[in-house]
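Architecture at a glance
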Amino acid sequence: LDVNGNVTIANGATFTASSGSSFTVGGSWANSGTFTHNSGTVTFDSTSSGKTLSGTLNGTSGFYNLKFNGTNGVWAPSASLLVNNDLTIDAGQLDLNTSDPAVTVTGNITITGTLTASNSAALTFKGNWTDNGTFTHSSGTVIADPTGTSSTISGTASTKTFYSFTSSAAGK
């Protein structure tokens, strides 16, 4: 499925993705109903700024794999965001500083584009962090809360600067 414009899930409506499916969205995402990810991947591929993710973006309406892959695209979530597996920013910018949503990623975060953190809400990840692009800390908090015994922070970015960093892994 390739949606060139916006996706809107109306109040009382349910959008259930096919099991393991992948689809792309060229615009914004507005969920006032229910989204069931079914272990699939949603890729935002706009090449322009001003795109938003709004409404219910967590709980049972969270994403499984969430990708941003649009050169010059900028996406700003306006509500708490849950990614039940991996968050990947291949190209463009995921801007968490505009509306300051809390973000939880139960898998890995991979940055090849730009990730701008919130200055007031935490960004929590449970897998690994790979920064091959640009991460802007915005004086915010990043929390490594590994599912296993550790999380790895790696990548080719010349600096990996965090403002406030917490690891919940014992002895780490």
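Quick note: structure is the one above.
Quick summary incoming for the structure in this document. (Residues numbered from 1 in each chain as written. Predicted model: local features only at pLDDT ≥ 70, side-chain atom pairs only at ≥ 80, totals over all residues. Heavy atoms only, no water.)

1. Structural notes on the pattern of salt bridges
Applicable threshold: Salt bridge, as used here, is a side-chain nitrogen of Lys or Arg placed within 4 Å of a carboxyl oxygen of Asp or Glu. Helix and strand assignments follow DSSP, with helices taken as H or I runs no shorter than four residues and strands as E runs no shorter than two, numbered in order from the N terminus. Three exposure classes are used, based on accessible area relative to the maximum for each residue type with a 1.4 Å probe and protein chains only: buried under 20%, partly exposed in between, and exposed over 50%.
Across all of its chains, the model carries 1 salt bridge by this definition. Here lysine 126 and aspartate 145 are joined by a salt bridge, their closest N and O atoms 2.7 Å apart. With lysine 126 in the loop between β15 (123–125) and β16 (129–131) and aspartate 145 in the loop between β18 (141–144) and β19 (153–154), this residue pair connects regions lying 19 residues apart in the sequence. For lysine 126, a relative accessible area of 25% gives the class partly exposed. Take aspartate 145: its relative accessible area is 25%, and that puts it in the partly exposed class.

2. Re the sheet that holds strand β10 (residues 81–83)
Filter applied, for reference: Being paired, for any two strands, means DSSP has found at least two bridges between them. Between N-to-C directions, angles cover 0 to 180 degrees, with each direction set by a line fitted to C-alpha atoms, over the stretch in contact for helices.
Pairing is parallel across the open sheet formed by 5 strands, whose spatial order is β10-β12-β15-β18-β20. In this open sheet, the two strands that pair with only one neighbour each are β10 and β20 (164–167). Put simply, the sheet's adjacent strands are angled 10° from each other on average, direction ignored. Pairing of strand β12 (residues 103–105) with β15 involves 3 bridges; the strand directions are parallel. When the sheet's bridge partners are listed, valine 103 is paired in β15 with leucine 123.

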